[in-house]
Amino acid sequence: MPDMSASVSPAVTHLVPLADLDQNKVTPGVLGFIVFAVMALAVWGLMKSMSKHMNKVDFKESPDPEEKQAENADSAARRH
């Protein structure tokens, strides 16, 4: 069996800088990603719900009953 340490060594030397973490550097990490992903899903769900509720809204304004009576009175007065 050939010695694999010779072929693995160059690959490991390229990964060493990635694994060398600066202890003074603050990163969000996995928890930060999970929190961001949950917030993104919550916003998506809220937007979808809002869109569904906005489609149910009827924006046509119903006439005011007092105005309708006043218009009927005006039109009746004009006829006489």
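Read on for an overview of the structure. (Residues numbered from 1 in each chain as written. Predicted model: local features only at pLDDT ≥ 70, side-chain atom pairs only at ≥ 80, totals over all residues. Heavy atoms only, no water.)

**A word on the overall build of the chain**
Applied cut-off: Starting at the N terminus, helices and strands are each numbered in turn, a helix being any DSSP run of H or I of at least four residues and a strand any DSSP run of E of at least two. Burial here depends on accessible area, computed with a 1.4 Å probe over protein chains only, as a share of the maximum for the residue type. Under 20% is buried, over 50% is exposed, and the range in between is partly exposed. Computed by Shrake-Rupley with a 1.4 Å probe, the accessible areas treat only the displayed protein chains as cover when residues are assessed.
Broken down by element type, the chain carries three helices and zero strands. Secondary structure elements of the chain occur, N-terminal to C-terminal, as α-α-α. Counting all 80 residues of the chain, 0% fall into the buried class. Total accessible area on the chain stands at roughly 8200 Å², and carbon and sulfur atoms take up 65% of it.

**Some details on a negative patch on the surface**
Our working definition: Residues qualify for a patch when their relative accessible area is over 30% and they have no salt bridge, like charges being joined within 9 Å and the nonpolar side chains of Val, Leu, Ile, Met, Phe, Trp and Tyr within 5 Å. Within this document, salt bridges are pairs made up of a side-chain nitrogen of Lys or Arg and a carboxyl oxygen of Asp or Glu, the two lying within 4 Å of each other. For the purpose of charge, His is not counted, nor are the chain termini; Lys and Arg are scored as positive and Asp and Glu as negative. For the purpose of locating charges, the reference atoms are NZ of Lys, CZ of Arg, CG of Asp and CD of Glu.
On the surface, E61, D64, E66, E67 and E71 cluster together to form a negatively charged patch. With respect to the helices, strands and loops of the structure, E66 is situated in helix α3 (residues 65-79). Here E66 falls in the exposed class, since its relative accessible area comes to 61%.

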